[in-house]
Amino acid sequence: FNSNTGWFDVAANWQHDDEGVEFRSSPIAKLFVLATIKFATRDAYGMGIEYEGGKPGWNDAMNGLVGMIGSGMPETYELHVLISYILSVVKKYQR
């Protein structure tokens, strides 16, 4: 442990707890957190996922949408697919 930087030498890219043990989580847990954050950032009507303030660079046709309503339905459909996948994996592996 380097007291000047607070990093663990060669393992600086890994997250550690207070004792210096590498923190680990399963891929399904990471997907669950992603789905939770997306679900929490729905718009006031609960229909679209809010944009982060900038333009949605991947979709030029919707660049003006951010200034008008600030949310989009394609991301909500992605969220539906993500939640369906998570539920199917949890049901299949009983976790």
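Shown above is the structure to which this text applies.
Since this is a predicted model, take the numbers as computed values, not measurements. (Residues numbered from 1 in each chain as written. Predicted model: local features only at pLDDT ≥ 70, side-chain atom pairs only at ≥ 80, totals over all residues. Heavy atoms only, no water.)

## A closer look at the nonpolar core
Then step 1. Core analysis: the biggest nonpolar cluster contains five residues, these being Ala35, Ile49, Leu79, Leu82 and Ile86.
Then step 2. A total of three residues in this core trace back to one element, the largest contributor, which is helix H3 (residues 73–93).
Then step 3. When near neighbours in sequence (up to four residues on either side) are disregarded, Leu82 contacts Leu31, Leu34 and Ala35. (Core = buried A, V, L, I, M, F, W, Y, C linked by side-chain atoms within 4.5 Å. Buried < 20%, exposed > 50% of the residue type's maximum accessible area, 1.4 Å probe, protein only. Helix = DSSP H or I, 4+ residues; strand = E, 2+ residues; numbered from the N terminus. Contact = heavy atoms within 4.5 Å.)

## With respect to a nonpolar patch on the surface
Then step 1. A cluster of nonpolar side chains, Tyr45, Met47, Met73 and Tyr77, forms an exposed patch at the surface whose accessible area comes to about 520 Å².
Then step 2. By secondary structure assignment, the location of Met47 is in the loop between helix H1 (27–40) and strand S1 (49–50). (Patch = residues over 30% accessible without salt bridge, like charges linked within 9 Å, V, L, I, M, F, W, Y side chains within 5 Å. Areas by Shrake-Rupley, 256 points an atom, 1.4 Å probe, with all protein chains shown as cover. Salt bridge = Lys/Arg side-chain N within 4 Å of Asp/Glu carboxyl O.)

## Thoughts on the packing of aromatic side chains
In this description, a pair of aromatic rings is defined by centroid distance and the angle of the planes.
Then step 1. Applying the stated criterion across every chain yields a total of zero aromatic pairs.
Then step 2. The ring of Phe39 is capped by Arg42, whose NZ or CZ atom sits 3.8 Å from the centre of that ring. (Phe/Tyr/Trp six-rings, centres within 6.5 Å; stacked < 30°, edge-to-face > 60°. Lys NZ or Arg CZ within 6 Å of the ring centre and 35° of its normal.)

## Overview of the pattern of salt bridges
If the charged atoms of two oppositely charged side chains come close together, the side chains can form a pair.
Then step 1. Enumeration according to the criterion identifies one salt bridge in this entry.
Then step 2. As a salt-bridge pair, Lys38 and Glu78 come within 4.0 Å of each other at their nearest N and O atoms. Pair noted here: Lys38 is in helix H1 and Glu78 is in helix H3, with a separation of 40 residues, a long-range link.
Then step 3. Owing to a relative accessible area of 22%, Lys38 belongs among the partly exposed residues under this scheme.

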